Amino acid sequence: MTFLFVYKIAFVIEMLIAETIFSFRLERRKHFVIRLLVAIIGSLLLGIFYPLPNEFGYSAWYTSIMFVVLATSTVFYLCFCFKTNFTFVFFTLLTCYTFQQISYLLFQLLVTPLSELLGPMNMYGSDAFDFSDFNWKSFIIVLLYIDCFVMTFGALYFIFNKKLKTIETVKLKFNNLFFLIILLLVVDVVLNAIITYSEVPLIPLLIIYIYNLISCFLLVYIENSIIKTIDMGHENEVMKEALIQATKQYETQKDTIEMINIKCHDLKHQIALISSKNNIDDDYVKEIKDLINVYDSSYNTGNEVLNIILTEKALSCQTKDVRLSAIADVKGLETIKEGDLYSLIGNILDNAIEASTKIADKNKRCIDFSIKRKSSYMFIKCQNYFVGNILFENNLPKTIKDDKANHGFGMKSIKNIADKYSMNLEINIEKDVFSLLLSFKVED
């Protein structure tokens, strides 16, 4: 049994662990446990029985191809056990292989300078690996190997953990970055093998290891950048779709509220007529009128979009026992597109209503909303009470909902629309009062 024979099995185990860290959030296939055992056993058997012929098994090109084949074979584990797409599997393979290389290089950087003390440690070599000759030097080597492994794969988890579920929901697109990753990774693997089978002095050897390590860190940066780009694209798609839906909702609400207002207006007159001709109890008539007033709470601000959204949110507040106070000076809102204005005010009030419904004290379940113009500036302001703590990310409140991949876009949508119209967005928290202020310049 040689060092390379043992290491190729350890390599397969490292890849399986890395891919498990990377994919444990994915949806599992039926009979997952059985599939998992079959995939693990199959991968290990391939690692054990992959041939190492004496005449050419211990060469740079053979071992490079061997490790690429063993790494690629673990794709079977991902596809067999999880419901995912090819591009995500491909990205997982490259990322996990990168971190495996980082673990190996860190180990070599630590062990190589200690070779005189610990003895030569060539994990690609044909020297015999003898468990019976295990001593304190062997213990130090194993300890260093485990430390590098745990530290590197711990970094894999902390860097990518929060992003893995989101990235899987979006199909990755092949681009130049992917080919750069493949190129650098192949160069790194082949270069490691070449220097292993060459007699390189200590200092140049350490320099090459450091170069390879820097290359791998560059790969991690690129891989992380790809995920960030996908996250931003996903957010943009969600917000774009939300804006489209908001525009459609505005058109629907416009017709619905107009119809309700007409019916309520006619019904009031009919009740008054019936009441004058018959002896109906006045309290009963008042009760019916109050009930109608709930649905006849239309606003007349001079801006049709604002009328619709305020009426809609006023009805929502009525049903949720939240008081909405709204005043609006709309001269200057004409420059904002209908869909954008509906989405902007809708998201602001939705957030305020959601926060207000969580307050037990009914005296604090109120929202103050205003649109005012001072000189050549417009100010949109919303204040409401809240309970609990508000965490911020990139100067915006974070969602507290569990499904962060599909929630938390309301405030981002507000920010995007504000940026689109050169609005200044200010968010202030004083004790238990949340304040949002938008200000922008308007033409006379």
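Here, every reference points to the structure presented above.
As the structure is a prediction and not an experimental result, all values here were calculated from the model.

1. Considerations on the packing of helix 1 (residues 3-23) against helix 3 (residues 60-73)
Following both chains from N to C, one finds helix 1 and helix 3 inclined at 35°, their axes separated by 10 Å at the closest point. Our pair here, helix 1 against helix 3, has a crossing hand that is right-handed. Residues Leu4, Tyr7, Lys8, Phe11, Val12, Met15 and Glu19 of helix 1 lie in contact with helix 3, whose contacting residues are Thr63, Met66, Phe67, Leu70 and Ala71. Split into classes, the residues belonging to the contact of helix 1 with helix 3 amount to nine nonpolar, one polar and two charged.

2. Concerning the packing of aromatic side chains
Inspection of the entire model under this criterion finds eleven aromatic pairs. On the numbers, 5.0 Å between centres and 15° between planes, the contact of Phe76 with Phe80 is stacked. Here the residue Phe76 and the residue Phe80 both occupy positions in helix 4 (residues 75-81), the gap between them amounting to four residues, near one helical turn. The exposure class assigned to Phe80 is partly exposed, which follows from its relative accessible area of 25%. Members of the aromatic cluster, each reached through a chain of ring pairs, are Tyr7, Phe11, Phe67, Tyr97 and Tyr104. Over the aromatic face of Phe32 sits the side chain of Arg28, whose NZ or CZ is 4.5 Å from the ring centroid. Lying across the ring of Phe80, Arg35 places its NZ or CZ 4.7 Å from the centre.

3. Here's the deal with a nonpolar patch on the surface
Together, Val33, Leu37, Ile41, Leu45, Ile48 and Phe49 give the surface a local cluster of nonpolar side chains, amounting to about 590 Å² of exposed area. Turning to its location among the elements, Phe49 is positioned in helix 2 (residues 32-49). A relative accessible area of 63% places Phe49 in the exposed class.

4. Examining unusual backbone geometry
Positive phi values are uncommon outside glycine, yet Asp321 reaches one of about 60°. Among the structural elements, Asp321 can be located in the loop between helix 12 (304-319) and strand 1 (323-328). Assessed through its relative accessible area of 41%, Asp321 is described here as partly exposed. Residues other than glycine seldom take positive phi values, yet Lys431 does so here, at roughly 55°. Relative to the helices and strands, Lys431 is located in the loop between strand 6 (424-430) and strand 7 (433-441). Lys431 gets classed as exposed once you look at its relative accessible area, which sits at 82%.

5. Notes on the sheet that holds strand 6
In spatial order, the strands read 1-2-3-7-6; together these five strands make up an open sheet with mixed pairing. At either margin of the open sheet sits one strand with a lone partner, and together these are strand 1 and strand 6. The sheet shows a mean angle of 10° between the axes of neighbouring strands, direction not considered. Inspection of the sheet shows strand 3 (residues 377-385) paired to strand 7 by nine bridges, in the antiparallel sense. The partner of Asn384 across the bridge, within strand 7, is Phe434. Most of the contacts of helix 13 (residues 338-357) go to strand 3, to which it runs at about 20°, and overall it touches strand 1, strand 2 (366-374), strand 3 and strand 7.

Thresholds applied
Residues numbered from 1 in each chain as written. Predicted model: local features only at pLDDT ≥ 70, side-chain atom pairs only at ≥ 80, totals over all residues. Heavy atoms only, no water. Axes fitted to C-alpha atoms, helices over the stretch in contact; angles between N-to-C directions. Helix = DSSP H or I, 4+ residues; strand = E, 2+ residues; numbered from the N terminus. Left-handed = near helix turned anticlockwise from the far one by under 90°. Contact = heavy atoms within 4.5 Å. Nonpolar A, V, L, I, M, F, W, Y, C, P; charged D, E, K, R; others polar. Phe/Tyr/Trp six-rings, centres within 6.5 Å; stacked < 30°, edge-to-face > 60°. Buried < 20%, exposed > 50% of the residue type's maximum accessible area, 1.4 Å probe, protein only. Lys NZ or Arg CZ within 6 Å of the ring centre and 35° of its normal. Patch = residues over 30% accessible without salt bridge, like charges linked within 9 Å, V, L, I, M, F, W, Y side chains within 5 Å. Areas by Shrake-Rupley, 256 points an atom, 1.4 Å probe, with all protein chains shown as cover. Salt bridge = Lys/Arg side-chain N within 4 Å of Asp/Glu carboxyl O. Pairing = 2+ DSSP bridges.

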